[in-house]
Structures are given as C-alpha cells and as structure tokens.
Amino acid sequence: QVQVVESGGGLVQVGGSLRLSCAASRSIFSIIAMGWYRQAPGKQRELVANIYSDGSTNYLDSVKGRFTVSRDNAENTVYLQMNSLKPEDTAVYYCKVRLLDRWATNRDYWGQGTQVTVSS
C-alpha cells in the first residue's frame, strides 16, 4: 500500500500563484508516473498534468503556459506550480501515483485532495 499526501491548496485571488506538493510513501515497486487531477463541483475529474519517470510531461490545454509540474525522484514528491490563476481553476486537486507492480500491472494510488479556490 502506498500513502499519498497532498498539501499547498488554499484561497488565492485571480492572477495569483499557488504551489501544490504531493509526497508518496516508499514502495518496492517503481513509480512510473505522478500527476495532478482536479474536480470542480458538478464536473468530472480531469487530468491537469502528468510527469513520467523519464521526465516527460503532458498538460491540460487550458493550463499550458501557466502550470508547471515537476518531480523530485529521490523524495517521491511531485509539485504543481500554478501561476496566473483563474476562477475556472477552482477545484479540488488530487494527486495520483502510478506504480508498476511485479506482475507488470499498473496500480494507481490517490491522495485525499486539496481545495484550490480562486476568487475574482
């Protein structure tokens, strides 16, 4: 079992910045990806940004150029730097960690979520 803990959410004004952090506990299996998802009230959860073990990344189109995902492999930690925040960025942000187990099966672990509220 892997524990995933997010931090860094809060209330910020339009145009402001926040940095989210997510730490995963140690595992004997390899982490192949760490990412951020968000879910606004009444909407489906959507991928915001992912970073893979090779360092490659992908982003939701609406956050490109504003958000940056990064990772500290030694600490099993992923960060999401969010700049130029907009009211539509308001959501609960979840961290997901994907492991590859001994049977070559992907296993996903989620954090509890952290609220980000952007006020206009």
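Everything in this summary refers to the structure shown in the same document.

Rules behind the numbers
- Residues numbered from 1 in each chain as written.
- Predicted model: local features only at pLDDT ≥ 70, side-chain atom pairs only at ≥ 80, totals over all residues.
- Heavy atoms only, no water.
- Phe/Tyr/Trp six-rings, centres within 6.5 Å; stacked < 30°, edge-to-face > 60°.
- Helix = DSSP H or I, 4+ residues; strand = E, 2+ residues; numbered from the N terminus.
- Buried < 20%, exposed > 50% of the residue type's maximum accessible area, 1.4 Å probe, protein only.
- Lys NZ or Arg CZ within 6 Å of the ring centre and 35° of its normal.

Focus on the packing of aromatic side chains
The relative placement of two aromatic rings is captured by the distance of their centres and the angle of their planes.
Item 1. A full pass over the atoms with the stated rule returns one aromatic pair.
Item 2. A ring pair is formed by Tyr37 and Trp110, whose centres lie 5.0 Å apart and whose planes are at 65°; its orientation type is edge-to-face. With Tyr37 in strand E4 (residues 30-39) and Trp110 in strand E10 (residues 106-110), the pair connects residues that are 73 residues apart, well separated along the chain.
Item 3. According to the relative accessible area criterion, Trp110 is partly exposed, its value standing at 37%.
Item 4. Taking NZ or CZ as reference, Arg19 lies 4.0 Å from the ring centre of Tyr79, over its face.
Item 5. In this structure, Arg45 packs its charged tip against the face of Tyr94, placed 3.7 Å from the ring centre.

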